[in-house]
Amino acid sequence: MTQPATDGPLLLQMSGIGKSFFGVPVLSDVDFELRAGEVHAVLGENGAGKSTLMKILSGAYRPDAGTITLEGQPVTFRHPRDAQIKGISIIYQEFNLLPERTVAQNIFLGREPRRGPIVDRRAMDSATGRLLAQVDPSGTIAPDDLVAHLSVAQQQTVEIAKALSFDSRILVMDEPTASLSPHEVEALFGQVRVLQKKGMGIVYISHRLREIYEVADRVTVLRDGRKVATVGVTETNMSDLVRMMVGRDLEDYFPPHATSEELGEVMMAVRDGNVTRRLHDINFEVRAGEILGIGGLAGSGRSGLAEALFGVAPFDSGAIELGGERVHIRSPRQAVRRGVAFLTEDRKAEGLVLSLSIRNNMLLAMRSMGRLLDSRLPHPVSVRELAANVDLRATSIDQEVRFVSGGNQQKVVLAKWLATRSRVFIFDEPTRGIDVGAKAGIHDLMRSLARRGAAIVMISSELPELLGMSDRILVMRNGSIQGELPSGATEDDVMFMATGEKASVPA
């Protein structure tokens, strides 16, 4: 075992943890420890056992084998409340907040200070203010703010303040940066460092490997329900972590870029496109066989551009050309009928109907085109062929789509659009919330799609993905395209252009 990355006392020790569901083992003999003032990352593909291990720690599941020790004392949790009383808090990717209540009401829900039978609002707001001062020193959040009016980053700050209200010694953060901008990520890391100084131990779960090197002291890798290794972050590199997670080398993490000979005709062009107060003077082309990357900071207009191309918020002026023909796209239905597909940033809310089967989700876009009636479903083999084309991993195509992993959900969305035989694909954050192995699969599918003659517009806030997948990159700022970067550009090139510090980069 590696030497501890901090010299703080041992807060948590989980030894020989095992858990099975219906006779199928999901965790086998897993050891994990956490020290005061340490950020200990847990990595692994979807299904590796990370969530199960954390649910055991938080009291949601009881282990079938193994022991848990807190500060040298063995403990048994029968309910999440038991873990909370012992100083363990968990912030899930989907926050557990009530939107129509205030910040103070959420933090002290069920524990409101009282003056006789009446809730003491003044005392509750005062206590909330003291908690917020520790994690929100700029004072952007007030105790009486409605949670519904807060940004995602602010809601996460409220969750951290709630954990502090329980005098937590251990905080589990599950994909904490999944919906944050780069600026908000930096602010979160600042909050984490404040908690470290207070002696709190933090378990950090993320698919973004670069973050691990910025925030974590040690990392434990799980694969197929077993611990592969625990190492200090200074003792390893990203390639080693990928190898430990997936059990194989991923030296060619991104597929090769398209060559000029592989590019075909211009499939989509925008001429002088404008959307009032959102987009200005948009001009670009994307060719058959090409992946055109769109970069920029949050709020730069990237998603607004995708919505304009797909008719969600159409261009007020200018023109779109598809295959050389000027077209008017005023709605998503018109876009679909013109052969344009849009894989949205939020696949669960906008790309899928989670309560429907994989089969029916694959047919959603076809039905929206009016080409398919419920009583005239295609033969099941055609849907299975779609599943095979995207390498879908599921027990059945009649399984509800909510029960498959994030990577497989994204494949269902892609299959939905493949069914329409679209020629132009807009991918908005194509691998957000997907593990490293599934990311490679989505990247391969995108490049395969381009090689078959599709044109792809890809928006990504992950710079390695933007650089690794794009044949060209357009960088946006303040609703307009600031410039173009060739294949081989660097992260600094993108950031200089995105922030306006550098006007252009020579090809």
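Every chain begins its residue count from 1, and numbering advances along the sequence as written. Where local features are concerned, this predicted model is filtered to residues with pLDDT of at least 70; where side-chain atom pairs are given and counted, the filter is 80 or more; whole-chain, interface and lining totals use all residues. Derived side-chain values reflect all non-hydrogen atoms in the structure, with water molecules and hydrogen atoms excluded from consideration.

Draft legend 1. Here's a closer look at the packing of aromatic side chains. Pairs were defined over the aromatic rings of Phe, Tyr and Trp, the Trp ring being its six-membered one, requiring ring centres within 6.5 Å. Orientation was assigned from the angle between planes: stacked under 30 degrees, edge-to-face over 60, tilted for the rest. Going through the model one piece at a time under the given rule, you end up with 4 aromatic pairs. Here the aromatic cluster, defined as three or more aromatic residues joined through ring pairs, consists of Phe310, Phe342 and Trp417. The criterion for a charge sitting over a ring is simple: Lys NZ or Arg CZ within 6 Å of the ring centre, and within 35 degrees of the ring normal. Stacked on the ring of Phe166, the Lys or Arg Arg111 has its end atom at 3.7 Å from the ring centre.

Draft legend 2. View of the sheet that holds strand 12 (residues 226-232). Strands are labelled as partners when DSSP assigns at least two bridges between them. Runs of H or I in DSSP of at least four residues are treated as helices and runs of E of at least two as strands, each being numbered from the N terminus. With respect to topology, 6 strands assemble into an open sheet ordered 6-9-10-3-11-12, the strand pairing being mixed. In this open sheet, the two edge strands, each paired with only one partner strand, are strand 6 (88-91) and strand 12. With direction set aside, neighbouring strand axes in the sheet form an average angle of 20 degrees. As judged from the 4 bridges shared by strand 3 (residues 39-43) and strand 10 (residues 201-205), these two strands associate in the parallel manner. Bridge pairing in strand 10 places Val39 opposite Ile202. Where helix 8 (residues 238-246) meets the sheet, it contacts strand 3, strand 11 (218-223) and strand 12, and its direction lies at approximately 30 degrees from that of strand 11. Axis lines are fitted to C-alpha atoms, over the contacting stretch for helices. Their N-to-C directions set the angle, which ranges from 0 to 180 degrees. By the convention used here, residues are in contact when the closest approach between their heavy atoms is within 4.5 Å.

Draft legend 3. Fine view of the nonpolar core. Buried Ala, Val, Leu, Ile, Met, Phe, Trp, Tyr and Cys residues form a nonpolar core when they are joined through side-chain atoms within 4.5 Å. Burial classification: accessible surface area is computed with a 1.4 Å probe over protein chains only, and a residue below 20% of its type maximum counts as buried, one above 50% as exposed, and the rest as partly exposed. Within the largest apolar cluster, 79 residues are counted, with the highest numbers of intra-cluster contacts made by Phe315 and Phe425. When neighbours within four sequence positions are excluded, Phe425 is seen to be in contact with Ala341, Leu343, Leu414, Trp417, Leu418, Leu449, Ala454, Ala455, Ile456 and Val457. Counting 49 residues, the second largest nonpolar core, distinct from the first, contains Val39, Val103, Ile212 and Met245.

Draft legend 4. Looking closely at the pattern of salt bridges. What makes a salt bridge here is a side-chain nitrogen of Lys or Arg within 4 Å of a carboxyl oxygen of Asp or Glu, nothing more. Summed over the entire model, instances satisfying the criterion amount to 20 salt bridges. When the shortest N-O distance is used, the salt bridge between Arg338 and Glu325 registers 3.5 Å. Of this pair, Arg338 sits in the loop between helix 10 (332-337) and strand 18 (340-343) while Glu325 sits in strand 17 (residues 325-327), and the two are 13 residues apart along the sequence. With a relative accessible area of 42%, Arg338 lands in the partly exposed category. Judged by its relative accessible area of 44%, Glu325 falls in the partly exposed class. Here Arg447 makes a salt bridge to Asp471, at a shortest N to O gap of 3.1 Å. On the criterion of sequence distance, the pair formed by Arg447 in helix 16 (residues 436-451) and Asp471 in the loop between helix 17 (463-469) and strand 21 (472-477) is long-range, its members being 24 residues apart. Residue class for Asp471 comes out buried when judged on its relative accessible area of 10%.

Draft legend 5. Structural context of helix 4 (residues 121-135). Look at helix 4: 21 Å from first C-alpha to last across 15 residues, which is about the 21 Å you get at 1.5 Å a residue. Taken together, the buried positions of helix 4 are occupied by Met124, Ala127, Thr128, Leu131, Leu132 and Val135. Take helix 4 and look down its axis: the buried residues cluster within an arc of 140 degrees, on one side only. Structural note: helix 4 exposes Arg122 and Arg130 on the side pointing more than 90 degrees away from its buried face. Here the expected length of a helix is defined as 1.5 Å per residue gap, with one fewer gap than residues. This arc describes the spread of directions from the helix axis toward the C-beta atoms.

Draft legend 6. Fine view of the pairing of strand 4 (residues 65-70). By the bridge criterion, 5 bridges tie strand 1 (residues 10-21) to strand 4 in an arrangement that is antiparallel. Among the inter-strand pairings, Gln13 is bridged to a residue of strand 4, identified as Thr69. Where strand 4 and strand 5 (residues 73-75) come together, 3 bridges link them in antiparallel fashion. Along strand 5, the bridge assignment pairs Leu70 with Gln73. Counting the residues that bridge the hairpin from strand 4 to strand 5 gives 2 residues, and of these Glu71 lies at a positive phi of roughly 50 degrees.

Draft legend 7. Quick peek at the side chain of Asp217. Examined against the element boundaries, Asp217 turns out to sit in the loop between helix 7 (209-215) and strand 11. Positive charge is attributed to Lys and Arg, negative charge to Asp and Glu, and no charge count is given to His or to the chain ends. No salt bridge is formed by the buried Asp217, whose closest oppositely charged neighbour, Arg218, lies at an N-O distance of 7.4 Å. Separated by 3.4 Å, the side chains of Asp217 and Gln196 make a polar contact. Residues adjacent in sequence count toward polar contacts only when both atoms are side-chain atoms; beyond that, a polar contact is any pair of N or O atoms within 3.5 Å, and within protein one must be able to donate a hydrogen and the other to accept it.

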